[in-house]
Number of protein chains: 2
Amino acid sequence: MPACPDLGPKPRLGYIDSLIDRAAERRNDHVGLAALMADPHSGVYVIGGDLIVTRRCGEGGDPLFTPAQARALGDVRETVFLGLVDGAGRFGFGIDQARAEALESREDLLVRDLRSIAVQGLVAHDHLATLAEAKALLAWHARHRFCPTCGTPSRPVQAGWRRDCPQCRAEHFPRTDPAVIMLTIGGDRCLLGRSHRFVQNFWSCLAGFVEPGESIEAAVRRETVEEVGVACGRVAYFASQPWPFPMSLMIGCHAEACTTEITIDPLELQEARWFDRDEVALMLTRRHPDGLVTPPSTSLAHHIIRAWVEGEAAPF
Amino acid sequence: MPACPDLGPKPRLGYIDSLIDRAAERRNDHVGLAALMADPHSGVYVIGGDLIVTRRCGEGGDPLFTPAQARALGDVRETVFLGLVDGAGRFGFGIDQARAEALESREDLLVRDLRSIAVQGLVAHDHLATLAEAKALLAWHARHRFCPTCGTPSRPVQAGWRRDCPQCRAEHFPRTDPAVIMLTIGGDRCLLGRSHRFVQNFWSCLAGFVEPGESIEAAVRRETVEEVGVACGRVAYFASQPWPFPMSLMIGCHAEACTTEITIDPLELQEARWFDRDEVALMLTRRHPDGLVTPPSTSLAHHIIRAWVEGEAAPF
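What you are looking at is a predicted structure, and each value in this text was computed from that prediction instead of being measured.

## Topic: the overall build of chain A
Thinking step 1. Secondary structure assignment for chain A yields eight helices and 15 strands.
Thinking step 2. Taken over C-alpha atoms, the radius of gyration comes to 22 Å for chain A, in line with the 20 Å a tight globule of 316 residues would show.
Thinking step 3. Counting all 316 residues of chain A, 58% fall into the buried class.
Thinking step 4. Look at the contacts in chain A between residues 6 or more apart in sequence, and 66% of them connect residues 24 or more apart.

See the structure below:
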């Protein structure tokens, strides 16, 4: 086997390594939470649908407001307690997406979607994990204001970590959708695909949701057969990442291909093909002669692909 | 390090290694599905809440009915298409739990909860994975008959794999809750706990749900601190298992303990303590002098614990 390309220092994955203590025991402490909410040392993220509101600060933004500043930005639809950072409270305020869009015209504010913020590094890296927590939780509230069991409007309790139904008494917890994202490896090559929604020249790992009654490993095999017709044998877990678009948990794997012929599902993919290590190294470092690229380093796909290029994937 | 005990051949984990082809492309093929539903070669699992209805067969049960036989067992609240086994259709029929309870009195039927069926080996092992698929999907329907976004009764589509809202047009997909289950390892010992709901002398891994905005590794560390006050460093993925009680995905890990002092959360746990390898080997093989036991081999906890005893866990 030829030597693996050296790609230099590893960039940081986004949305992980949160500095927060979620302090779940405080979620029912109404007096303590009210005190934190009145404390100007508490920090609040303000989110309207996909948009994060930040205070413009050089080329980027500071995403933390005091509770009073945050309230002044718009009607708060939902408040969630995220936890404590160095003893200071952290909250998420949900406002309407239309209100967040209206704030885009203010010169003192920078309003962007979280994906752009992460990829362009518009806020300090340490905020990404807490923003992921806030965004996923607020997205759940926005889509779950009614009890799915009986249809009655439900009420947030536990500082935003549960919704209770006053009618049928059902307790509903935040939803997180597990999804697999995998690099399929066949000999010295790996398989990358292009979804219809990808920008030109962008290639990535295959991915899909884990279905009911399915293990991670089974989901990797099923998705790979469904999307490209390639059968997989061994599956090796690599790493995981919260993915708040809107509320997934990405479970990253390498998979061993047992067949090589590709038959794409045209509803899911536009293209898929095998790539050798040197070509992928050029894509990762944005030096490919045809301009082909892989996902940015904030995403798990980048790290799954890179680990294989650098010879750190499971040796199938 | 002393030699690891040899516990003999590994038992099979439950609910995995499904023989089914989920054939997702057929979920919208109404004509094809109607033909399968009329075909006496198709097999139907009949489930009422927690209870699986089977045809008594020696000491155990046969969980497959023809569509006509299944319909005769009770009013079908929900029908889901599970996939194909050797070309034959497999469906799940949801009936009311009260109806399933009433069927317990019939001498030709064996009606039991899925956990008992798995642990006691009451059906052929290969059915467990398909029963997990059916039970998780039907449990989702039973609790999600209304659109959580607007409160309107929703309609099952895609052969039971989606519910659509006729009012706000939202599409809702089956829910699967990712949960971590971990064995914390400190030097030559591992940490086991007893939940309040466990039967006497039963000890197991700690476990908990992955929260929004959290990686698998972060969830392992947070749950371990919350439940026993032990800080963890490295986390190594071991294996996963669908856990249809009612609709979880168990993600099994080994974790490296960085501290040893245990402070239990009395709301979550009754007891927790460190065990050495030899004592755990006796618990796994049901030879412990005080009758202490670990979970049965159908559960992922058994295999996580056993891998550590046999020296196959990540070497922290």
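Right, picking up where we left off after that structure.
## Focus on the pattern of salt bridges
Thinking step 1. Scanning the entire structure with this criterion turns up 48 salt bridges over all chains.
Thinking step 2. A salt bridge links Arg 234 of chain A to Glu 256 of chain A; the nearest nitrogen and oxygen atoms lie 2.9 Å apart. Here Arg 234 of chain A, found in strand S13 (residues 232–243), pairs with Glu 256 of chain A, found in strand S14 (residues 248–257); they are 22 residues apart in sequence, far enough to count as distant.
Thinking step 3. On the accessibility criterion, Arg 234 of chain A (45% relative accessible area) is partly exposed.
Thinking step 4. Note that Glu 171 of chain B is salt-bridged to Arg 162 of chain B, the shortest N-O span being 3.5 Å.
Thinking step 5. Given the relative accessible area of 46%, Glu 171 of chain B is considered partly exposed.
Thinking step 6. By relative accessible area, which is 16% here, Arg 162 of chain B ends up buried.
Thinking step 7. Residues joined in a network through salt bridges with shared partners are Arg 22, Arg 27 and Glu 133 of chain A together with Glu 211, Glu 214, Arg 222, Glu 223 and Glu 226 of chain B.

## Considering the sheet that holds strand S8 (residues 162–164) of chain B
Residues and elements named next belong to chain B.
Thinking step 1. Taken in spatial order, the three strands of this open sheet run S7-S8-S9, and their pairing is antiparallel. At either end of the open sheet lies a strand with only one pairing partner, and these are strand S7 (155–157) and strand S9 (171–172).
Thinking step 2. With two bridges joining them, S8 and S9 adopt antiparallel strand pairing. Counted as the bridge partner of Arg 163 is His 172 from S9.

## Some points on the relation of the copies chain B and chain A
Superposition of the two copies of the chain requires a rotation about an axis and a shift along the axis.
Thinking step 1. Its rotation angle being 180°, the transformation that places chain B on chain A also includes 0.0 Å of axial translation and leaves an RMSD of 0.0 Å. Here the copies are linked by what is in effect a two-fold axis.
Thinking step 2. Comparing interface residues between copies, 100% of those in chain B also lie at the interface in chain A; the contact surface is shared.

## Examining the interface of chain B and chain A
Thinking step 1. Taken residue by residue, the interface counts 41 residues in chain B and 41 residues in chain A.
Thinking step 2. Roughly 3,300 Å² is buried in total at the junction of chain B and chain A, and carbon and sulfur atoms are behind 57% of that figure.
Thinking step 3. The interface formed by chain B and chain A includes six salt bridges.
Thinking step 4. Secondary structure elements with two or more residues in the side of chain B that touches chain A: helix H5 (127–143), helix H6 (216–228), strand S13 (232–243) and strand S14 (248–257) of chain B.
Thinking step 5. Per-element accounting of the side of chain B that touches chain A gives the leading share, seven residues, to H5 of chain B.

## Section: the side chain of Lys 135 of chain B
Residue and element names in this part refer to chain B.
Thinking step 1. Within the element layout of this structure, Lys 135 appears in helix H5.
Thinking step 2. What makes Lys 135 buried here is its relative accessible area of 3%.
Thinking step 3. Look past the residues within four positions of Lys 135 in its chain and what remains in contact with it is Ile 47, Gly 49, Asp 50, Leu 114, Pro 244, Phe 245 and Pro 246.

## Focus on the sheet that holds strand S7 (residues 155–157) of chain A
All names here are of chain A.
Thinking step 1. Here we have three strands laid out as an open sheet, ordered S7-S8-S9, and antiparallel in their pairing. Two strands bound the open sheet, and with one partner strand each, they are S7 and strand S9 (171–172).
Thinking step 2. Note that S7 and strand S8 (residues 162–164) share three bridges and pair antiparallel. What sits directly across from Arg 155, in S8, is Asp 164.

## Details of the packing of aromatic side chains
Residue and element names in this part refer to chain B.
Thinking step 1. Enumeration over the complete set of coordinates arrives at 13 aromatic pairs over all chains.
Thinking step 2. The interplanar angle of 80° and the centroid separation of 5.8 Å between the aromatic rings of Tyr 15 and Trp 243 together place this pair among those described as edge-to-face. In this pair, Tyr 15 sits in the segment before helix H1 (30–38) while Trp 243 sits in strand S13, placing the two residues 228 residues apart along the sequence. For the residue pair Tyr 15 and Trp 243, the accessibility class agrees, reading buried in each case.
Thinking step 3. Ring geometry for Trp 243 versus Phe 245: centroids 4.9 Å apart, planes at 70°, classification edge-to-face. You'll find Trp 243 and Phe 245 in the same group, each marked buried.

Reading the values: the criteria
- Residues numbered from 1 in each chain as written.
- Chains lettered and ligands numbered in written order.
- Predicted model: local features only at pLDDT ≥ 70, side-chain atom pairs only at ≥ 80, totals over all residues.
- Heavy atoms only, no water.
- Helix = DSSP H or I, 4+ residues; strand = E, 2+ residues; numbered from the N terminus.
- Rg over C-alpha atoms; globule rule 2.2 N^0.38 Å.
- Buried < 20%, exposed > 50% of the residue type's maximum accessible area, 1.4 Å probe, protein only.
- Contact = heavy atoms within 4.5 Å.
- Salt bridge = Lys/Arg side-chain N within 4 Å of Asp/Glu carboxyl O.
- Pairing = 2+ DSSP bridges.
- Least-squares fit on C-alpha atoms with pLDDT ≥ 70 in both.
- Buried area = accessible area lost by both parts, 1.4 Å probe.
- Phe/Tyr/Trp six-rings, centres within 6.5 Å; stacked < 30°, edge-to-face > 60°.

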